[in-house]
Amino acid sequence: MTKLYRYAAGAAILLLMGSCSDNGDNAPLPDLSSEKTYTGTALELYYNGELMPGKTATVRMDGDKSVISFSCGFDLSQLTGMGLTGVLPGPGVTPGDPVLTLSPTATPGDGVFNVAGSGSTEYVDFAYAGEIGEEKMVFRISDAKLKNTSFAGKVFAPAPVKKDGLMEYSSLPFHLVWEVNPASGIDIPLSEILKIAVTAPVIPVYNNTAYTSVAEAFVNLVKTITLTDSGNIPVMYVSTLGGAAHIATSSGNMMQYVPSQTGIKLYLNPLSVMGEILLATSDNKNDEKFDFEAMLKKAPSYTAQSGSGTSDAVSIDPELVKAFATVLLKAFAPQLPGGIPLGVTPTSAGVDIYLDTATSVTFLSTVLQDMMQNPTIMEALKSALASVELPEVDPAEISGLLQKLPQFLIATTKLEIGLSLVAAQ
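Structural notes, computed from the coordinates. (Residues numbered from 1 in each chain as written. Predicted model: local features only at pLDDT ≥ 70, side-chain atom pairs only at ≥ 80, totals over all residues. Heavy atoms only, no water.)

1. Thoughts on the overall build of the protein chain
And then number 1: Helices and strands together make up the secondary structure of the protein chain, namely 9 helices and 29 strands.
And then number 2: Counting across all 425 residues of the protein chain, residues that qualify as buried make up 48%.
And then number 3: Sequence-distant contacts, at least 24 apart, represent 61% of the contacts inside the protein chain between residues at least 6 apart.
And then number 4: Accessible surface computed for the protein chain: about 20700 Å², of which carbon and sulfur atoms make up 55%. (Helix = DSSP H or I, 4+ residues; strand = E, 2+ residues; numbered from the N terminus. Buried < 20%, exposed > 50% of the residue type's maximum accessible area, 1.4 Å probe, protein only. Contact = heavy atoms within 4.5 Å. Areas by Shrake-Rupley, 256 points an atom, 1.4 Å probe, with all protein chains shown as cover.)

2. Quick notes on the pattern of salt bridges
And then number 1: Taken as a whole and assessed by the stated rule, the structure comprises 6 salt bridges.
And then number 2: Residue Glu134 pairs with Lys36 through a salt bridge whose shortest N-O separation is 3.3 Å. Linking Glu134 in the loop between strand E11 (124-132) and strand E12 (137-146) with Lys36 in strand E1 (residues 36-39), this pair joins segments that are 98 residues apart in sequence.
And then number 3: Of the residues examined, Glu134 reaches a relative accessible area of 35% and is grouped as partly exposed. (Salt bridge = Lys/Arg side-chain N within 4 Å of Asp/Glu carboxyl O.)

3. Here's the deal with the pairing of strand E23 (residues 263-268)
And then number 1: The buried count for E23 comes to 5 of 6 residues, which makes it a mostly enclosed element.
And then number 2: In this sheet, E23 lies alongside strand E22 (residues 255-259) in antiparallel orientation, the contact comprising 5 bridges. Looking across to E23, one finds that Gln256 is bridged to Tyr267.
And then number 3: Where E22 folds back onto E23 in an antiparallel hairpin, the turn is made up of 3 residues.
And then number 4: Pairing between E23 and strand E27 (residues 340-346): 4 bridges, direction antiparallel. Within the sheet, the bridge partner assigned to Lys265 lies in E27 and is Pro341. (Pairing = 2+ DSSP bridges.)

4. What to know about the sheet that holds strand E10 (residues 113-120)
And then number 1: What the 6 strands build is an open sheet, ordered E3-E2-E12-E11-E10-E9; its pairing is mixed. Each edge of the sheet is formed by a strand with only one pairing partner; in this case those strands are strand E3 (50-51) and strand E9 (107-108).
And then number 2: Where strand E2 (residues 43-47) meets E3, 2 bridges bridge the pair, whose relative direction is antiparallel. Looking at E3, one finds that Tyr47 is bridged to Glu50.

5. Considerations on the nonpolar core
And then number 1: Counting 81 residues, the largest nonpolar core has Phe70, Ile132, Met137, Phe139, Ile141 and Trp178 as its most contacted members.
And then number 2: Residue contributions to this core peak at 5 residues, all from E12.
And then number 3: Residues contacting Phe139, with those up to four places away along its chain left out, are Glu44, Leu45, Tyr46, Ile68, Phe70, Leu102, Val115, Tyr128, Ala129 and Gly130.
And then number 4: Ranked by size, the runner-up nonpolar core spans 5 residues in total, among them Val202, Ile203, Val205 and Ala217. (Core = buried A, V, L, I, M, F, W, Y, C linked by side-chain atoms within 4.5 Å.)

6. A look at the side chain of Lys36
And then number 1: By relative accessible area, Lys36 is classed as buried at 18%.
And then number 2: Excluding anything up to four places from it in sequence, Lys36 contacts Asp31, Ala57, Thr58, Val59, Gly133 and Glu134.

7. With respect to the packing of aromatic side chains
And then number 1: Using the criterion set out here, one finds 4 aromatic pairs in the structure.
And then number 2: Seen from their ring centres, Tyr128 and Phe139 are 5.5 Å apart, and the 15 degrees between their planes marks the pair as stacked. You can see Tyr128 sitting in strand E11 and its partner Phe139 sitting in strand E12, a full 11 residues away along the chain. The pair formed by Tyr128 and Phe139 is uniform in burial state, with each residue classed as buried.
And then number 3: Among the aromatic side chains, those forming a connected cluster through ring pairs are Phe70, Phe126, Tyr128 and Phe139. (Phe/Tyr/Trp six-rings, centres within 6.5 Å; stacked < 30°, edge-to-face > 60°.)

8. Details of the side chain of Ser230
And then number 1: Along the chain, Ser230 falls in the loop between strand E19 (222-227) and strand E20 (235-239).
And then number 2: Exposure remark for Ser230: the relative accessible area of 5% places this residue in the buried category.
And then number 3: Within polar-contact distance, the side chain of Ser230 engages the side chain of Thr228 at 3.0 Å.
And then number 4: Polar side-chain contacts of Ser230 include one of 3.4 Å to the backbone nitrogen of Asn232.
And then number 5: Residues in contact with Ser230, not counting those within four places in the same chain, are Tyr47, Asn48, Pro95, Ala144, Lys145 and Leu146. (Polar contact = N/O pair within 3.5 Å; in protein donor to acceptor, adjacent residues only side chain to side chain.)

9. As for the environment of Val124
And then number 1: Looking at where Val124 falls in the secondary structure, it is placed in strand E11.
And then number 2: Its relative accessible area of 0% is what places Val124 among the buried residues.
And then number 3: Separated by 107 residues in sequence, Val124 and Gly231 place their C-alpha atoms 8.4 Å apart.
And then number 4: When near neighbours in sequence (up to four residues on either side) are disregarded, Val124 contacts Tyr47, Thr94, Pro95, Gly119, Ala144, Lys145, Leu146 and Lys147.

10. What to know about the environment of Phe218
And then number 1: Along the polypeptide, Phe218 turns up in helix H3 (residues 214-221).
And then number 2: Spatially, the C-alpha atoms of Phe218 and Pro173 are 7.7 Å apart, while their sequence positions differ by 45 residues.
And then number 3: Those residues in contact with Phe218 that sit more than four places away from it in its chain are Pro158, Pro173, Phe174 and Leu419.

Here's what the structure looks like:
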C-alpha cells in the first residue's frame, strides 16, 4: 500500500507539474484593445476552401465580442513594370458586399482569439471560423451560397468562330453592338467594324512569323466558364506550364457575381486577375509584390488548333498582354467595389453577357486610345478593313475612319461589348 500510495502521489505531482508547465507555455493573447489591421501575408483568408488574396481585415474587441471588418484596397505599385501607383479599391470578401463586418464572440486560446459563427448578407449565407493572433490572422468562410441561385450551375463555352463568305460571321465568341444617333449623319456600319477588329489577324504569334485574331485566340484559350451557387466563376483554360499543353482552372474567387435586375454584377479581385493572367509563370500565393516585367518574359502560351487538328503552343507578345492588362484596370477601376454591371440575354445556343452602354463607352474609348498608339495593330486593322467591301466606307478614307472612332463614341446611343457563349457540351 505504501508503494502504491507513493506511485500515485508521484503521478499526481507529475500531472500537476505538467499542467502548470502547459499554462506557463501559453503564448500571450494579441492586444486588440485598439483596432488592429491584418493584410498581405499577415491575413490568410479562404472563401469556400480557396485562398483569397488582396484583402484587408481590421479587428477590435468590444467586451467579449470582436468586431471584424473585411475590405479590399489593392496597391498598384505591386505590379512592377506597369508604371501604376495608388490604391485601387476592390470588391469585398462575399459577392456583392464591398465591406463585410462580423461581430462574433472571441474565445481566448493559445496565443490567439478563436471566432466562429454563421453570417448572412443581402446576397449570401455562409459559415465562418478563424484564429486571430498577434502577427497573423487565419479566417475561413465556408458553405457560402447565393440567396438567388437562378444562374447557379450554368456552364458555358465561347461561341465558335464560324465564317460565312468573305467577312460574314454566323458565330463569334463576342457580343458586339454599336449604334449611333441617326441625326449625327454617321452612316458607317460600326458594329461590323468592331467584328472586323476582333477577327483581324493583329496578334503576332510563332515569334512574329504569323498572326492570329483576338476571337481565335479567345476560343482556343478559354474552354469553360461556370457560374456556381457560391458566387464564384471558375474558368477552365489551356495552359502550357511545363511545356505540354493542358487544361488548368483559374482561382474560383478571382471572379464573383450576384444576379441583378438586368443580368449580373461582376466582381473582379485585382490581385487574382493579374496573377491568373500569368499563372503559369508565378508560384506566388500571397499578397506580395508581382514583378510584372519579369513575369512577362516568361509569359504563358495558349494552344492554337491548326487545320490538321493538332495543337501547337503559341506565345503571345508580352507587350500586348501588358497593354491589355493596363486597359482593363483603367476601364474597370471605378466599378470594382460595387460590381461591373453586365446585361444577360438568352440565345438559342446559350447566352450573351455584355457590358452596358455606359461601361462599354468607357472601355472602348480606353482601348482605342491605347490601340492607336500601337502602329502594328493600326496597320493590321487598316489592312483588314481595306480587304472588306463595305459600301459605306471608301478604302482611301480608312485611315481617317480609324482616327475618328473616338469621336463616334460621342454620338453613341447603344454600345454593348461582351461575350457570346454557348452551353458547354
